[in-house]
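# Commentary on secondary and tertiary structure
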Amino acid sequence: MNKMRGRTGKLPYVLIITKDPVVEEPLIVATAATADDGDTQVGRTRFPLTTRLGGTTGTDDETTNFVETSGSDSNDLDLVQPWCIGQIFCPGAVLQTVNIAQLYSDPKTFVDKPTSKSAQQVLADFTTFNLTTVTEGDLVNFVDNDFLGEGLELEAAVLTNFNTNPAFLSNVTDPLLNAFAQIVDGYWTQLARNTNQSAVCDDYTNGKCEGTLIPLNHMFIIPGGRFREQCGYWIIQGLLKSELYSIVNATLQNFMDEIDDFGFIPNGGRTYYLDRSQPPLFVNIVYDCVTVTNDTSVLQHALPLAEAWWANNRTIEVTSPYTNQSYMLARYSVNNTAPRPESYITDYLIANDPANGTPLTQQEAEALYGELTSGAESGWDFTARFEMFPQFGDPGLRTYNIQNTIPICLNSILYKAHTLLADLYGDSIPTTSAAHLQTAANIRAGILDLMWDASKLAFYDFNLTSNARNSFFSAATYYPSNAFGYFAAVNLVMNKYNGTVPTTFVDWAGQQWDAPNTWAPHQYIILEALNALPPNLTTNALPTLGSGQSTYALVPSGQLNLTESQLPGQPLRGAQASQNMTATGPGSDINTLNGTVVNGGNSSLSLDTCHMVRIVHKGLLKIIQKLMMQKLTTFEDLANTVKSLDIEDMQREKEDMDEQKKEDLEREN
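Rules used in this analysis
- Residues numbered from 1 in each chain as written.
- Predicted model: local features only at pLDDT ≥ 70, side-chain atom pairs only at ≥ 80, totals over all residues.
- Heavy atoms only, no water.
- Helix = DSSP H or I, 4+ residues; strand = E, 2+ residues; numbered from the N terminus.
- Buried < 20%, exposed > 50% of the residue type's maximum accessible area, 1.4 Å probe, protein only.
- Contact = heavy atoms within 4.5 Å.
- Pairing = 2+ DSSP bridges.
- Lys, Arg positive; Asp, Glu negative; His and termini not counted.
- Salt bridge = Lys/Arg side-chain N within 4 Å of Asp/Glu carboxyl O.
- Expected span 1.5 Å × (residues − 1).
- Disulfide = S-S within 2.5 Å.
- Arc of directions from axis to C-beta.
- pLDDT = per-residue confidence, 0-100.
- 1 Å grid on protein atoms, 1.4 Å probe; cavity = no way out; pocket = protein on both sides within 12 Å on 5 of 7 lines; lining within 4 Å.
- Points joined across faces, edges and corners; volume = space filled by probe spheres on them.
- Nonpolar A, V, L, I, M, F, W, Y, C, P; charged D, E, K, R; others polar.

## A short note on the overall build of the protein
- Of regular secondary structure, the protein possesses 21 helices and 15 strands.
- When the 669 residues of the protein are sorted by exposure, 49% land in the buried category.
- The long-range share in the protein, meaning contacts at least 24 apart out of those at least 6 apart in sequence, stands at 67%.

## So, the sheet that holds strand 7 (residues 192–195)
- Taken in spatial order, the three strands of this open sheet run 6-7-8, and their pairing is antiparallel. Strand pairing shows two members of the sheet lacking a second neighbour, strand 6 (154–156) and strand 8 (220–221), which therefore form its edges.
- Across two bridges, the pairing between strand 7 and strand 8 is antiparallel. Residue alanine 192 lies in a different strand from strand 8, and its bridge partner there is isoleucine 221.

## Notes on the side chain of lysine 456
- Along the chain, the position of lysine 456 falls in the loop between strand 12 (452–453) and strand 13 (458–459).
- Buried and unpaired, lysine 456 has aspartate 453 as its nearest opposite-charge partner, separated by 4.3 Å.
- Ignoring sequence-local partners within four residues, the contact set of lysine 456 consists of Ser471, Pro556, Ser557, Gly558 and Gln559.

## Comments concerning helix 9 (residues 282–293)
- An ideal rise of 1.5 Å per residue puts 16 Å on 12 residues; helix 9 measures up with 16 Å between its terminal C-alpha atoms.
- If you check which residues of helix 9 are buried, you get Phe282, Val283, Asn284, Ile285, Val286, Asp288, Cys289 and Val290.
- The elements touched by buried residues of helix 9 are helix 7 (233–241), helix 8 (245–262), helix 10 (299–302) and helix 15 (408–425).
- Asparagine 294 sits one or two positions beyond helix 9 and adopts a positive phi of about 60°.

## Description of the state of the cysteines
- Scanning the entire structure with this criterion turns up two disulfides.
- The residue that forms a disulfide with cysteine 84 is cysteine 90, at a sulfur-sulfur distance of 2.1 Å. The disulfide joining cysteine 84 to cysteine 90 has a torsion of about -95° about its S-S bond and is therefore left-handed. An identical accessibility class is assigned to cysteine 84 and cysteine 90; each is buried.
- The disulfide partner of cysteine 201 is cysteine 209, and the S-S distance across this bridge is 2.1 Å. Between cysteine 201 and cysteine 209, the S-S dihedral sits near -115°, and the bridge is therefore left-handed.

## Re helix 3 (residues 119–127)
- When helix 3 is considered as a whole, its buried residues turn out to be Ala119, Val122, Asp125 and Phe126. For helix 3, the arc enclosing every buried residue in end-on projection is 130°, short of the 170-degree limit, so these residues lie on one face.
- In this structure, the buried side of helix 3 is in contact with helix 1 (93–101) and helix 4 (136–146).

## Some details on the pairing of strand 10 (residues 326–330)
- Across five bridges, the pairing between strand 9 (residues 315–319) and strand 10 is antiparallel. Across the sheet, threonine 315 pairs through a bridge with alanine 330, a residue of strand 10.
- Connecting strand 9 to the next strand, strand 10, in antiparallel fashion are six residues, including asparagine 324 with a positive phi near 65°.

## Looking at the side chain of aspartate 106
- Considering the arrangement of structural elements, one finds aspartate 106 in the loop between helix 1 and helix 2 (108–111).
- Residue contacts for aspartate 106: discarding those within four places in its chain leaves Arg226 and Glu342.

## Thoughts on the environment of isoleucine 525
- With respect to the helices, strands and loops of the structure, isoleucine 525 is situated in helix 18 (residues 520–531).
- Taking relative accessible area as the criterion, isoleucine 525 reaches 14% and is therefore assigned buried.
- Spatially, the C-alpha atom of isoleucine 525 lies 9.0 Å from that of proline 480, the residues being 45 residues apart in sequence.
- Not counting chain neighbours up to four residues away, the residues in contact with isoleucine 525 comprise Trp234, Tyr478 and Tyr479.

## Observations regarding the confidence of the model for the protein
- Put simply, the protein has an average pLDDT of 80, and 74% of its residues get 70 or more.
- Contacts from residues 597–618, a stretch scored under 50 in pLDDT, to residues over four places away or in other chains number 37 contacts.
- This stretch, residues 625–635, has a pLDDT under 50; its non-local contacts, to residues over four places away or in other chains, come to 20 contacts.

## Side note on empty space enclosed by the protein
- All chains considered together, the criterion is met by five cavities of 30 Å³ or more.
- A volume near 140 Å³ is recorded for the largest cavity.
- As for the largest cavity, its lining consists of 17 residues, of which Ile265, Pro280, Phe282, Glu307 and Trp310 are closest to the centre.
- Those elements giving two or more residues to the lining of the largest cavity turn out to be helix 9 and helix 11 (308–313).
- At three residues, helix 11 tops the list of elements feeding residues into the lining of the largest cavity.
- A breakdown of the residues in the lining of the largest cavity according to their chemical character gives 13 nonpolar, three polar and one charged.

## Looking at the layout of surface pockets
- Size it by volume and the second largest pocket reaches roughly 780 Å³.
- Surrounding the second largest pocket, 25 residues form its lining, Ser412, Tyr415, Lys416, Tyr479 and Pro480 being those nearest its centre.
- Looking at the lining of the second largest pocket, the element that brings in the most residues is helix 15, giving five residues.
- When the residues that make up the lining of the second largest pocket are grouped by side-chain class, the tally is 17 nonpolar, four polar and four charged.

## Focus on unusual backbone geometry
- In this chain, aspartate 381 is followed by phenylalanine 382 through a cis amide linkage whose omega measures 5°.
- Its place among the elements puts phenylalanine 382 in the loop between helix 13 (362–378) and helix 14 (394–397).
- Geometrically, the link from alanine 515 to proline 516 is a cis peptide bond, its omega value of 5° lying close to zero.
- With respect to the helices, strands and loops of the structure, proline 516 is situated in the loop between helix 17 (488–496) and helix 18.
- Unlike most non-glycine residues, glutamate 243 shows phi in positive territory, near 60°.
- Among the secondary structure elements, glutamate 243 is positioned in the loop between helix 7 and helix 8.
- According to the relative accessible area criterion, glutamate 243 is partly exposed, its value standing at 28%.

Listed below in structure tokens is the structure:
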């Protein structure tokens, strides 16, 4: 049997794969260092560069197989992270071995499972494995025997006195949208949680078990799906609209408890998020709660906690290359040198999968892990916006440079936070109020100096690496606000696409925070920016299109850093899939063409078009009404119910509308 050796820069090593006798599938479980005298030394387990490599060597009855691979210093990672609690769910032997086995399609599943035994017993059980011969079946049994189900530390909570008809619904006059809004509003009852104190693991050293949940003292709302932790600002906005003020207060109390304990609000309610914060929207939450509920009792506790962490941990001095003025501005920058526990194998393969190019050195890999974690802290995980060299997939992520970026959105949030704090302190502590106004003024000046491009009428992130503002356009530009040229891209989207404003106009990077994806918070930010426009803006003439032009011509030159032909396409489906409805020229503004119903429609709408629109609209309304009569506990239930709905309702609706069409034709004739 041949042992194919690689190089770590210290000891040669071999990549050992064992074949599981049950699933008959090769499993990479470890790499073992081999000393010069030929003796194998299995100490700290190293990562292989790939997982589930096919093929074996030797005879069919052999269970141990060897595959040649190249080594790099990045395989010699010092995985211990000072911020991470425990040895099971932090970067280390247990976490990496389970991830290499890929027992779960989502790496977050394992780190959300509390143990069923003490940490010492779990570690003792793990050390019984010979990592040169352990199989996937062994690891499945280990997890089944030593761990419980994910999310068991939470229990469903009851929202008492739930208001099924909050005032905002009366402002939604369209019956279809109103019915949809009622369904969404009803989901609060399915997403409320309390900490199941009986299932929470206690002391990590001597406790009965080990888990990652950060227990909360008050009720909270979870986003749902794989996210089993308390969420933040945008959930609060929805709760306020739904008039669920008691759980708003409970959520705020939880946030204040976390700031008391950790100094900041972690990215999520798990210990593996303790190296990174949520975006700094705590002050906005406090201000909105006080404004809507008139409950000022929270201020005594909340105000001293507000945003000091960001000033002390994420703020640096930046000197402008344009004016030579210096500003204190913030960035996302997490001190982390290992893969994120909830995305362990994903992060490692970004750094080391041979398909992504030459494996990184240890120093390069550690720096990349810090960049990826900082990207997660931003909430934009991930986007070509922060790539030095945007390209498709993982190779682009390898060039992530968010730690050397001063983001528009982050500093706009902090500017707003300080203005709100000044308002909350008011005349009660005038010196503190004035200090916050001064800090806000410094941030504002920095944003205008470093990030505003007067020729392109847009804000761009400032790049510390190049010491210049970037040219990458994103929805973050709308965190501040301006005038029409500033919103020309929004105007373009409304006329050109059947959808709303994408996060970026890059649709070839393959990241979830790029086109064609769009996220609700960004639409909120854009609407707020539009609401902030001065009331006399409409007294000035708006620009008009010339002959043969599309709304792209109204976008200031260079603002998008894309030609019209480089914008995301909008292909048809089926046999016409190769035809792009959104190309160039006036015909690409499909929402202004005759026969369309966007922007209120027009007089040239054909009777057939109106007929079909009525069928679809009323059919959807029927579906929503049927959904409202069913008890759905998850979004998956909603999807499955839609799939199972009988199309007879739509058919009957079509027959009724056909009769209506005949009557319309008779009147027209």
